[in-house]
Amino acid sequence: MKIFVAGHRGMVGSAILRQLTARHANGEPLELLTRSSAELDLTDQQAVSRFMQAERPDRVILAAARVGGIHANNTYPAQFIYENLMIQCNVIHAAYEAGVHSLLQLGSSCIYPKEATPPIREDQLLSGPLEPTNEPYAIAKIAGIKLCESYNRQYGTDYRSVMPTNLYGPGDNFHPENSHVLPALIRRFHEAVRDGREEVVIWGSGTPQREFLHVDDMAAASLFVMDLPAEIYQRETSPMLSHINVGTGQALDIRSLAEMIARITGFRGQLVFDRSKPDGTMQKLTDVSRLSRLGWNATIGLEEGIAGTYDWFLQQTPGALRSK
């Protein structure tokens, strides 16, 4: 089986590729197909079409996307909606034209309305206005779900979508401005220890609750959903509500998260919460009962996952040493 992993250098794509590579090493007959963005621009419709026609993969995993935190979404809204729409339209349509029957599209839990009631079920999609700070990205991801559903309804394809909660792990973005909250805190606490600072400032009150999923769990869930027999997948979904949440089903407040990261990085100073900064949605937690009924649950604990992520960060940071 030839599988094209689009976005194999990203955090999720690389985790999926690692697991597929392990399957191949264990004797599963797989041919893994990848292209860097320099080799294949997924926003270029003709280039994507030529690639699909030439390679004719059996399966496509669409993990490519332009992603970022609140600052990046607010600063580059046009790029976020344009690039993500183009990537999805080009890959999904070219896959169909090349005869690809099986495709998995990865989205995000930001597709749900700002006022969605936690734990957020799949059927809360399109039930209210989106969070303004990431609306362009969310609109693109919703379009991806509906593209897959529409091709399934019209052409009989088997294109599926999974919507992860907040992801973290090896390969994450630790940029001081454009990263998400967990990697941003890892970097902030690491630098505070390195520089001997006595306090770390954290945006907001520390009371909002968030759900975090390790990227290796996400990769495992993605392959689990893609491998499900059609009759089992269709039993838990419907033609116009086909996406599946992927998460842990557990939320943690930002203060507790910060205290956990402080312990892991060895920071012993004071945590200061800047209440002049926005908290955002007070609780963001997904309902993962659909995936659980299908037979998959997350296995990597948060503290274990953060410790491993910090080790990876240290390996990528020249001269960095773990604090005693």
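Everything below is about the structure shown above.
Keep in mind that this is a model prediction, so the values were computed, not measured.

K.L.:
Quick one: what's the story with the packing of aromatic side chains, residue by residue and with numbers?
P.N.:
Summed over the entire model, instances satisfying the criterion amount to 9 aromatic pairs. Measuring from centroid to centroid gives 5.4 Å for Tyr151 and Tyr155, while their planes differ by 55 degrees, and the two rings are tilted. With a gap of 4 residues between them, Tyr151 and Tyr155 both fall in helix H5 (residues 135-155), about one helical turn apart. Exposure remark for Tyr151: the relative accessible area of 13% places this residue in the buried category. Ring centres 6.1 Å apart and planes at 25 degrees place the aromatic pair Phe174 and Trp312 in the stacked group.

K.L.:
Requested: an account of the sheet that holds strand E8 (residues 209-210), with residues and values cited.
P.N.:
Note: strands within a sheet are paired through backbone hydrogen bonds, in either parallel or antiparallel orientation. Read across the sheet, 3 strands follow the order E11-E8-E13 without closing on themselves; strand pairing throughout is mixed. Both edges of this open sheet fall to strand E11 (252-253) and strand E13 (283-284), since each of them pairs with a single strand only. Two strands pair when backbone bridges link them, and E8 and E11 are joined in this way by 2 bridges, in the antiparallel orientation. Paired with Arg210 across the bridge in E11 is Leu252.

K.L.:
I'd like a description of the pairing of strand E1 (residues 2-6), backed by residues and values.
P.N.:
Along a regular strand, successive side chains alternate from one face of the sheet to the other. In terms of burial, E1 is largely enclosed, as 5 of its 5 residues are buried. By the alternation rule, side chains of E1 split into Lys2, Phe4 and Ala6 and Ile3 and Val5, which are all buried. The pairing of E1 with strand E2 (residues 31-33) spans 3 bridges and is parallel. Directly across from Lys2, in E2, lies its bridge partner Glu31. Considered for its hand, the β-α-β crossover made up of E1, helix H1 (residues 11-25) and E2 is right-handed. Note: E1 against strand E3 (residues 59-62), 4 bridges, orientation parallel. Residue Ile3 lies in a different strand from E3, and its bridge partner there is Arg59.

K.L.:
Can you lay out the environment of Ile142 for me, pointing to particular residues and giving the numbers?
P.N.:
One can find Ile142 in helix H5. Look at Ile142 and you get buried, because its relative accessible area is 9%. Linking Ile142 and Leu85, residues 57 residues apart in sequence, is a C-alpha distance of 9.7 Å. Residues in contact with Ile142, not counting those within four places in the same chain, are Ile111, Leu125, Leu126 and Leu130.

K.L.:
Which residues make up helix H2 (residues 45-55), and what values go with them?
P.N.:
Within the sequence span of H2, burial applies to Ala47, Val48, Phe51 and Met52. Projected onto a plane normal to the axis of H2, the buried residues spread over an arc of 130 degrees and lie on a single side. Facing away from the buried side of H2 by over 90 degrees, the exposed positions are Gln45, Gln46, Arg50 and Ala54. On the buried face of H2, the contacting elements are E1, E2, E3 and helix H4 (77-97).

Each value, and the rule that gives it
- Residues numbered from 1 in each chain as written.
- Predicted model: local features only at pLDDT ≥ 70, side-chain atom pairs only at ≥ 80, totals over all residues.
- Heavy atoms only, no water.
- Phe/Tyr/Trp six-rings, centres within 6.5 Å; stacked < 30°, edge-to-face > 60°.
- Helix = DSSP H or I, 4+ residues; strand = E, 2+ residues; numbered from the N terminus.
- Buried < 20%, exposed > 50% of the residue type's maximum accessible area, 1.4 Å probe, protein only.
- Pairing = 2+ DSSP bridges.
- Right-handed = clockwise from strand over helix to strand, strands pointing away.
- Contact = heavy atoms within 4.5 Å.
- Arc of directions from axis to C-beta.

Geometry only, nothing functional implied.
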